[in-house]
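Observations on the three-dimensional arrangement
The chain contents come next:
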Amino acid sequence: MPVESGSSAASRQAKQKRKSHSLSIRRTNSTEQERTGLQREMLEGQDSKLPLSLRSNLLDLFGQIEREFENLYIENIELRREIETLNDRLTAEGQTIDGGDLTKGALKTKASHSTSQLSQKLKTTYKASTSKIVSSFKATTSRAVCQLVKEYAGHRDGIWDLSVTRTQPVVLGTASADHSAMLWSIETGKCLLKYVGHAGSGLSALSTASGDQTAHIWRYMVQLPTPQPVADISQPPCDDDIDFSDKDEADGDGEGPNECPSIRMASTTLRSHQGVVIAADWLVGGKQVVTASWDRAANLYDVETSELVHSLTGHDQELTHCCTHPTQRLVVTSSRDTTFRLWDFRDPSIHSVNVFQGHTDTVTSAVFTVGDNVVSGSDDRTVKVWDLKNMRSPIATIRTDSAVNRISVSVSQRIIALPHDNRQVRLFDMSGVRLARLPHSNRQGHRRMVCCSAWCEDNSSCNLFSCGFDRQAIGWNINIPALLQEK
């Protein structure tokens, strides 16, 4: 009488399970049809403003989603059972070694061990895949502690840009659509100086770029006020989804919470662009400034003589941002043509340019990090981390649910701050792992689109700033656990 081998028996058992599984699915589908018919009858008796056809279509779609998840769930259960059965059988076979044939037993044990490893690998992969499905329905656990510390209010219109000085005294600068730029005391939140020399919207802070097709450099001397104890304005946890974007602020004509001195004349005016100057930044050394314009060019100027040193052309559409490397003579420009370009001025005789392609919509900003990385943000709702030595593909990609505006990267903590059109500010590490979302409720946070973010490495109370079209800038304290920093 022929004896059925263990492998064939296991195969037959698996087929029987699949057959019973298919039968159970058919019964489930039949039950679903009966339940769907019952729900349709219930819908006809309910009051709703939606048309019956639309409600019926929605019901069908949700029913399909439920069936897909049910089938996936049943399939995963059967797969787990098969893996456990295989592991038990392999373990039993590995223990029955023929003592008379050591070589055969060794080979059998080795084969059993390797097969068990493969089974364990499949099991681990299965658990990881199902964990991803489950974790996608759970809220991301914040590993960074974020607290609102100070609000800087005084502009009469939305704030396009803000930045923090790299030298002492450390102050915050903001540029607004109200044609002005302001300097603020970080500790007290008071306005120290106001510049009103532009005829157009201020689009870049400190060295100011404007819609009047010029960039202005203005010198200032400020006396920082004595810091006062910081009041704890943090609020208890509340609903982050409360929408108050339509709540307009009072359109008062006052200068804000305090009066501050103003200046109207720039020490240097840079003229060469034929369109709106959208951004400006200082090249390392402080003797040259680079500007980006809607005329599709970036210009490099000598500050002392106001002369144009280089005109950086090549973009096919308007520029959106420019940024300089903190320690090297490198410039990166971003554009509406879905690319950003790296300009190298380290060798005076050779000015090379590299083009980075990878976004599908406007690149809103691209900034340097410490080392050989560039981080770019786009209206295609992604942020990409690039290695300057390999331009063909990004080393990390962050996908979000809203367009990304002017991003910033913390030098010390290597954290990327993402300001969004949907009033959110999110924090990610350089590998693309989400760390936190800044508090956003009816009591604190931005009420309109967040345009820009900037880190401050030299301040213990406020180390991140954000601004938006709600006419205010906000100072945050971001605290990252030590274990996360060591990662």
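Residues numbered from 1 in each chain as written. Predicted model: local features only at pLDDT ≥ 70, side-chain atom pairs only at ≥ 80, totals over all residues. Heavy atoms only, no water.

1. Regarding the nonpolar core
Cut-off, in case you're wondering: As used here, the term nonpolar core means buried Ala, Val, Leu, Ile, Met, Phe, Trp, Tyr and Cys residues forming a set that is joined through side-chain atoms within 4.5 Å. Each residue's exposure class comes from its accessible area (1.4 Å probe, protein chains only) as a fraction of the maximum for that residue type: buried when under 20%, exposed when over 50%, partly exposed otherwise. We count a stretch as a helix when DSSP gives it H or I for four or more residues in a row; a strand needs E for two or more, and each element gets its number in order from the N terminus.
One finds Phe340, Phe368, Val375, Val383, Ile407, Ile416 and Leu418 to be the most contacted residues of the largest nonpolar core, which totals 25 residues. Secondary structure elements with two or more residues in this core: strand S16 (330-335), strand S17 (339-347), strand S19 (363-368), strand S20 (373-378), strand S21 (382-387), strand S22 (396-399) and strand S24 (415-419). Top contributing element to this core by residue count: S19, with four residues. In terms of nonpolar packing, the next biggest core, distinct from the first, is built from 20 residues, Met182, Trp184, Cys260 and Cys456 among them.

2. Section: the environment of Ser431
Under the convention used in this document: Distance and chemistry together define a polar contact, namely a pair of N or O atoms within 3.5 Å, with one atom able to donate a hydrogen and the other to accept it when in protein, and with adjacent residues in sequence counting only for side-chain atoms on both sides.
Of note, Ser431 is situated in the loop between strand S25 (425-429) and strand S26 (434-437). With a relative accessible area of 52%, Ser431 lands in the exposed category. In terms of polar contacts, Ser431 uses its side chain to reach the side chain of Asp429, at 2.9 Å.

3. Describing the state of the cysteines
Quick note on the threshold: Note that a disulfide, as used here, is simply two cysteine sulfur atoms within 2.5 Å.
In the structure shown here, the tally under the stated rule is one disulfide. With a sulfur-sulfur separation of 2.5 Å, Cys191 is cross-linked through a disulfide to Cys260. Measuring handedness by torsion sign, the sulfur bridge of Cys191 and Cys260 sits at about 55 degrees and is right-handed. Placement of Cys191 in strand S5 (residues 191-195) and of Cys260 in the loop between strand S8 (214-217) and strand S9 (262-263) is noted, with a sequence separation of 69 residues between them. Overall, Cys260 belongs to the buried group, its relative accessible area being 17%.

4. Section: the side chain of Thr165
With respect to the helices and strands, Thr165 occurs in the loop between strand S2 (159-164) and strand S3 (172-176). Classification of Thr165 as buried rests on a relative accessible area of 10%. One polar contact links the side chain of Thr165 to the main-chain carbonyl oxygen of Pro169, over a distance of 3.1 Å. Among the polar contacts made by the side chain of Thr165, one reaches the main-chain amide nitrogen of Val171 at a distance of 3.0 Å.

5. Let's talk about the pattern of salt bridges
Selection criterion: Between Lys or Arg on one side and Asp or Glu on the other, a salt bridge is scored when a side-chain nitrogen of the former is within 4 Å of a carboxyl oxygen of the latter.
A full pass over the atoms with the stated rule returns six salt bridges. For Asp161, the salt bridge goes to Arg406, with nearest N and O atoms at 3.0 Å. Note that Asp161 is positioned in strand S2 and Arg406 in the loop between S22 and strand S23 (408-409), a separation of 245 residues in sequence. Classification of Asp161 as buried rests on a relative accessible area of 7%. The buried category is assigned to Arg406, whose relative accessible area is 9%.

6. Looking at the sheet that holds strand S12 (residues 288-293)
Quick reminder of the rule: Here a strand pair is declared whenever DSSP counts at least two bridges between the two strands. Orientation is described by axes fitted as lines to C-alpha atoms, over the contacting stretch for helices, and by angles from 0 to 180 degrees between their N-to-C directions.
Overall, antiparallel pairing links the four strands, which are arranged S11-S12-S13-S14 in an open sheet. A single partner strand is all that each edge strand has here, and the edge strands are strand S11 (277-282) and strand S14 (308-313). Pairwise comparison of adjacent strand axes, ignoring direction, gives a mean angle of 20 degrees for this sheet. Two elements, strand S13 (residues 297-302) and S14, share five bridges in a ladder whose sense is antiparallel. For Tyr301, the partnering residue across the bridge sits in S14 and is Leu308.

7. Considering the pairing of S13
Taken across its six residues, S13 has five buried, putting it largely inside the fold. Here five bridges tie S12 to S13, and the two strands are oriented antiparallel to one another. Pairing of Val289 across the sheet is with Tyr301, part of S13. In sequence, S12 turns back onto S13 through a hairpin of three residues, with Arg296 there showing a positive phi of about 75 degrees.

8. Overview of unusual backbone geometry
Where the residue is not glycine, phi is negative for most of them; where a peptide bond is considered, it is trans in most cases. For His179, which is not glycine, the phi dihedral falls at a positive 70 degrees. Position of His179 relative to the elements: it lies in the loop between S3 and strand S4 (181-184). In this structure, Arg471 takes a positive phi of about 75 degrees despite not being glycine. By the secondary structure assignment, Arg471 is in the loop between strand S28 (464-468) and strand S29 (472-479). The partly exposed category is assigned to Arg471, whose relative accessible area is 22%.

9. Thoughts on the sheet that holds S16
The four strands are arranged S15-S16-S17-S18 in an open sheet whose pairing can be described as antiparallel. Looking at the sheet topology across the chains shown, the edges are occupied by strand S15 (319-324) and strand S18 (350-357). Neighbour to neighbour, the strand axes of the sheet diverge by 20 degrees on average, direction disregarded. Across seven bridges, the pairing between S17 and S18 is antiparallel. Within the sheet, the bridge partner assigned to Trp343 lies in S18 and is Val353.

10. Comments concerning the confidence of the model for the protein chain
Where we set the bar: One number per residue, pLDDT, summarises how confident the predictor is, and it ranges from 0 to 100. In this description, contact between two residues means that some pair of their heavy atoms is separated by no more than 4.5 Å.
Of the residues in the protein chain, 67% reach a pLDDT of 70 or more, and the chain-wide mean stands at 77. Note that pLDDT drops below 50 for residues 130-142; the model gives that stretch eight contacts with residues more than four away or on any other chain. In the predicted structure, residues 230-257 sits below a pLDDT of 50 and forms 42 contacts with residues beyond four places in sequence or in another chain.

11. Considering the pairing of S25
With respect to burial, S25 is a largely interior element, five of its five residues being buried. With burial as the criterion, each face of S25 is covered, one bearing Val425, Leu427 and Asp429 and the other bearing Arg426 and Phe428. Bridge count between S25 and S26: three bridges; the pairing is antiparallel. Bridge pairing in S26 links Phe428 to Arg434. Between S25 and S26, which pair antiparallel one after the other, the connecting turn spans four residues, and Gly432 there sits at a positive phi close to 95 degrees.

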